[in-house]
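Analysis of the macromolecular model
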Amino acid sequence: MTAIVDAQPKDLFASTATVVAHLEGVRQIANGISLAAANAKAVAARAGNRASGFVPITNFIDEMGRETRRLVDRVNQDAQRMVRGMLAEQRLGDALDRLHKGMARLEERSAYLDGIARDLAQEHQAASESTKRHLDSLCELLVTITDHARAARMMSTRSRVEATIAGDYQTSLESVADTVDNAAEHIRDVVMKCRVLLRTMG
Amino acid sequence: MIHHEIYGGRHHWFVFGRDPDKLGHIIDTNQYLVCDRGANFLLDPGGIETFSSMLPAVAARCDIAEVKYLFASHQDPDIISSLGLWDKAIPHAKLYAPWLWEGFLKHFGCHNIEYVGIPDEGMTLDLPSVKLQFVPAHYLHSSGNYHVYDPVAKILMSGDVGAALEPPGAPMFVDDFAEHVPKMELFHRRWMPSNRAKNDWIARVRQLDIDVMAPQHGRLFRGDDVKRFLDWFEALEVGIAIPREDEPEALDEQEAA
Ligand SMILES: [Fe+2]
Ligand SMILES: [Fe+2]
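Position labels on residues start from 1 in each chain and follow its written sequence. Whichever chain is written first is A, and whichever ligand is written first is 1; the rest continue in order. Selection of residues for local features in this predicted model requires a pLDDT of at least 70, selection of side-chain atom pairs for listing and counting requires 80 or more, and totals for whole chains, interfaces and linings are taken over all residues. Excluded from the side-chain calculations are hydrogens and water; all other atoms, namely the structure's heavy atoms, are used.

1. Some words on the overall build of chain B
As a reminder of what qualifies: Secondary structure elements are taken from DSSP: a helix is a run of H or I of four residues or more, a strand is a run of E of two residues or more, and numbering for both begins at the N terminus. The globule rule used for comparison is 2.2 Å times the number of residues to the exponent 0.38, while the radius of gyration itself is calculated over C-alpha atoms. Buried means the residue's accessible area, taken with a 1.4 Å probe over protein chains only, is under 20% of the maximum for its type, while exposed means over 50%, and partly exposed covers the values in between. Residues are treated as being in contact if the distance between any of their heavy atoms lies within 4.5 Å.
Secondary structure summary: chain B contains 8 helices and 13 strands in total. Against the compact-globule benchmark of 18 Å for 257 residues, chain B has a radius of gyration of 18 Å, which places it among compact chains. The principal-axis extents of the C-alpha atoms in chain B amount to approximately 55 × 40 × 35 Å. Looking at chain B as a whole, 56% of its 257 residues qualify as buried. For chain B, long-range pairs separated by at least 24 residues make up 63% of all intrachain contacts whose partners lie at least 6 apart in sequence.

Spelled out as structure tokens, the structure:
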């Protein structure tokens, strides 16, 4: 994982693929968060009244894990769509380039080819704008994932406070809080790296 | 890109090749154009890297907007990897190509051009002055392969059959057949996989009245050299150019080539 995160691909396609690979890691961490939430629920149930303040927190954390996975799936789908768009953009750009090279050598100007080149340039422009839109929307999704991770860390702080009144169950609940905290921090780091990669593409 | 007229009557044939702008590491190819009063037909239009030279060369001979038909003798990249570019330049055109290769050729990009699959037995294409024939040449060298015969101009466009590997700037026509043979020999023995397919094709082609045989690489054959080529090809064992360890003579011959 670290090796992939530290790689700095210069190519757009490679950057997107790297982002998708990182996010697969995020998905696994989000699974871990849901598992931690399930554990916390079990502990809280055993602790009864002493951990009653813990129940809404675990529900929230569980929901957050699920939401993060949903967002990662969306990023993957959007990234795939963006790669398809980038391929089209690259093909159109290459066609335009080769058409212009050929047209530069024409003995006399061709109104027909001028029209073809104009249409192609428009198509290329549209494809490049669509890539930009996809990129913006991917960045927004990543920001949302970061927001979720931040909220999870806040929740883990609240969990620690609740744990102090849980008596015998304090240690178990604190360890759940630690797990959530570490996971959220890891997600935030990975997503930051993804955002940097996507920014260098834009 | 050099272009020559090889037939001029009611319709015209042109050959394009010996591209001085060609990148060194790609094989030189001959492209052909038939111009027939607003129905222009481009045969084996070439690879991606040839497109920027082909476009002005074709435009010098006809109105690009009136290139209505394309032909691909088979699926090789030197034949037709420019398809995605022609697809943008002449979106209204039809591509005649082996039915067998449709799903493969479309990888080159064929969103606008209509793909007309040529059936195994061949078919004809009506131009205003001539009915062109797509003559089956399967396994020569591709498993779905056709040549184009023009009974008016008496030209057989023969794809990779008759191809020769030559240094840059070679003349357009064979002038000394015996001297030309070594430039074709290894190519035919290695690229042509089937003696049976070769003999079938020779029998078919001997029935045609041919003045010019026009391959996709190297020089064109005219007059008696066409018959000399058919005789030479008939005698040549093909599909055996990979030496076998249990046949030391074959290894020796290979090394000599
Ligand atoms: Fe070929
Ligand atoms: Fe070829």
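Further notes follow.
2. Quick notes on the overall build of chain A
Filter applied, for reference: The Shrake-Rupley method, run with a 1.4 Å probe, gives the accessible areas here. Residue values count only the displayed protein chains as cover.
When helices and strands are counted, chain A shows 5 helices and 0 strands. If you list the helices and strands of chain A from N to C, you get α-α-α-α-α. Over its C-alpha trace chain A gives a radius of gyration of 24 Å, far above what one expects of a compact globule, namely 17 Å for 202 residues. On the principal axes, the C-alpha backbone points of chain A span a range of 90 × 30 × 20 Å. Residues classed as buried in chain A amount to 44% of the 202 residues present. Working note: accessible area of chain A is about 10700 Å², and carbon and sulfur atoms make up 52% of it.

3. Section: the pattern of salt bridges
All names here are of chain A. We apply this condition: The salt bridge definition used is simple: a Lys or Arg side-chain nitrogen within 4 Å of an Asp or Glu carboxyl oxygen.
Enumeration according to the criterion identifies 30 salt bridges over all chains in this entry. Of the charged contacts in the structure, one is a salt bridge between R98 and D94, with a shortest N-O distance of 3.2 Å. One end of the pair, R98, and the other, D94, are both in helix α3 (residues 54–104), 4 residues apart, so they sit about a helical turn from each other. Judged by its relative accessible area of 15%, R98 is buried. Given a relative accessible area of 30%, D94 falls into the partly exposed group. D114 is the partner of R109 in a salt bridge, and the nearest nitrogen-oxygen pair spans 2.8 Å.

4. Examining the coordination of the iron ion (ligand 2)
Residues and elements named next belong to chain B. Our working definition: Each metal's donors comprise the N, O and S atoms found within 2.8 Å of it (within 3.2 Å for Na, K or Ca). Water is not part of the atom list, so some coordination spheres may appear incomplete. Labels for metal geometry use angle windows, namely 85 to 135 degrees for all angles of a four-donor tetrahedral site, and for square planar (four donors) or octahedral (six donors) sites opposite donors over 155 degrees apart plus all others within 65 to 115; sites meeting none of these are irregular.
Of the protein atoms, only D78 (OD), D160 (OD), Q216 (OE1) and H217 (NE2) coordinate the iron ion (ligand 2), at distances of 2.1 to 2.3 Å. In this structure, the iron ion (ligand 2) is coordinated by 4 donor atoms arranged in irregular fashion, with angles at the metal of 79 to 166 degrees. Taken as an interatomic distance, the gap from the iron ion (ligand 2) to the iron ion (ligand 1) is 3.5 Å; D160 donates to each of them. Here H217 lies in the loop between β12 (212–214) and β13 (221–222) and D78 lies in helix α2 (residues 77–80), a separation of 139 residues in the sequence.

5. Looking at the nonpolar core
For clarity, the cut-off: Buried Ala, Val, Leu, Ile, Met, Phe, Trp, Tyr and Cys residues form a nonpolar core when they are joined through side-chain atoms within 4.5 Å.
Counting 42 residues, the largest nonpolar core has L99 of chain A together with V58, W86 and L95 of chain B as the members making the most contacts within it. Filtering out sequence-adjacent residues up to four positions away, V58 of chain B remains in contact with F16, L33, L42, I64, V67 and W86 of chain B. Judged by nonpolar contacts, the second largest core, of 33 residues, contains I57, V75, M82 and L141 of chain A.

6. As for the packing of aromatic side chains
Residue and element names in this part refer to chain B. Definition in use: Geometry of aromatic contacts follows a simple scheme: Phe, Tyr and Trp rings, the Trp one being its six-membered ring, pair when their centres are within 6.5 Å, and the pair is stacked under 30 degrees between planes, edge-to-face over 60, tilted otherwise. In this analysis the charged atom, NZ for Lys or CZ for Arg, is taken to sit over a ring once it is within 6 Å of the ring centre and within 35 degrees of the ring normal.
The full count for this structure, using the stated rule, is 16 aromatic pairs over all chains. Among the aromatic residues, those joined into a ring-pair cluster are F177, W201, F221, F229, W232 and F233. For the cation-ring pair, K198 lies above F233, with the distance from its terminal atom to the ring centre recorded as 5.8 Å. Note that R222 overlies the ring of F173, its terminal NZ or CZ placed 3.9 Å from the centroid.

7. As for the packing of helix α6 (residues 195–206) of chain B against helix α7 (residues 224–235) of chain B
Residue and element names in this part refer to chain B. Formally: Under this scheme, a helix contributes an axis fitted over its contacting stretch, all axes are lines through C-alpha atoms, and angles between N-to-C directions fall in the 0 to 180 degree range. Relative orientations are named as follows: roughly parallel for angles under 35 degrees, roughly antiparallel for angles over 145 degrees, roughly perpendicular for angles from 65 to 115 degrees, and oblique for any other angle. Two helices crossing with the near one rotated counterclockwise from the far one by less than a right angle form a left-handed crossing, whereas a clockwise rotation gives a right-handed crossing. Residues are sorted three ways: Asp, Glu, Lys and Arg are charged, Ala, Val, Leu, Ile, Met, Phe, Trp, Tyr, Cys and Pro are nonpolar, and all the rest, Gly among them, are polar.
Running from N to C, α6 and α7 cross one another at 160 degrees; their axes reach a closest spacing of 10 Å. Taken as axis vectors, α6 and α7 run roughly antiparallel relative to one another. Relative to α7, α6 is oriented so that their crossing is left-handed. Residue-level contacts link K198, N199, W201, I202, V205 and R206 of α6 to F229, L230, D231, F233, E234 and A235 of α7. When its residues are assigned to classes, the contact of α6 with α7 shows 7 nonpolar, 1 polar and 4 charged.

8. Digging into the pairing of strand β8 (residues 123–126) of chain B
All names here are of chain B. Just so we agree on the cut-off: Any two strands are treated as partners once DSSP identifies two or more bridges connecting them.
One ladder, built from 4 bridges, connects β8 with strand β9 (residues 131–136); its direction is antiparallel. Bridging across to β9, D126 finds its partner in K131. Connecting β8 to the antiparallel partner β9 that follows it, the hairpin turn spans 4 residues.

9. Re the coordination of the iron ion (ligand 1)
Residue and element names in this part refer to chain B. For the iron ion (ligand 1), the full set of protein donor atoms is H74 (NE2), D76 (OD), H141 (NE2) and D160 (OD), at a range of 2.0 to 2.2 Å. Geometry at the iron ion (ligand 1) is irregular, judged from its 4 donor atoms and the angles of 87 to 170 degrees they form at the metal. Donor residues for the iron ion (ligand 1), ordered by position in the chain, follow H-x1-D-x64-H-x18-D.

10. Digging into the side chain of H188 of chain B
Residues and elements named next belong to chain B. Looking at where H188 falls in the secondary structure, it is placed in helix α5 (residues 177–191). When its relative accessible area of 0% is taken as the criterion, H188 is described as buried. Setting aside anything within four residues of it in sequence, one finds H188 in contact with D160, V161, G162, A163, F229, W232, F233, L236 and V238.

11. Considerations on the environment of A72 of chain B
Residues and elements named next belong to chain B. Mapped onto the elements of the fold, A72 is located in the loop between β5 (67–71) and α2. Overall, the relative accessible area of 0% leaves A72 in the buried class. C-alpha of A72 to C-alpha of L43: the two residues are 29 residues apart in sequence and 6.4 Å apart in space. Look past the residues within four positions of A72 in its chain and what remains in contact with it is D44, I79, I80, L95, Y96, A97, P98 and L105.

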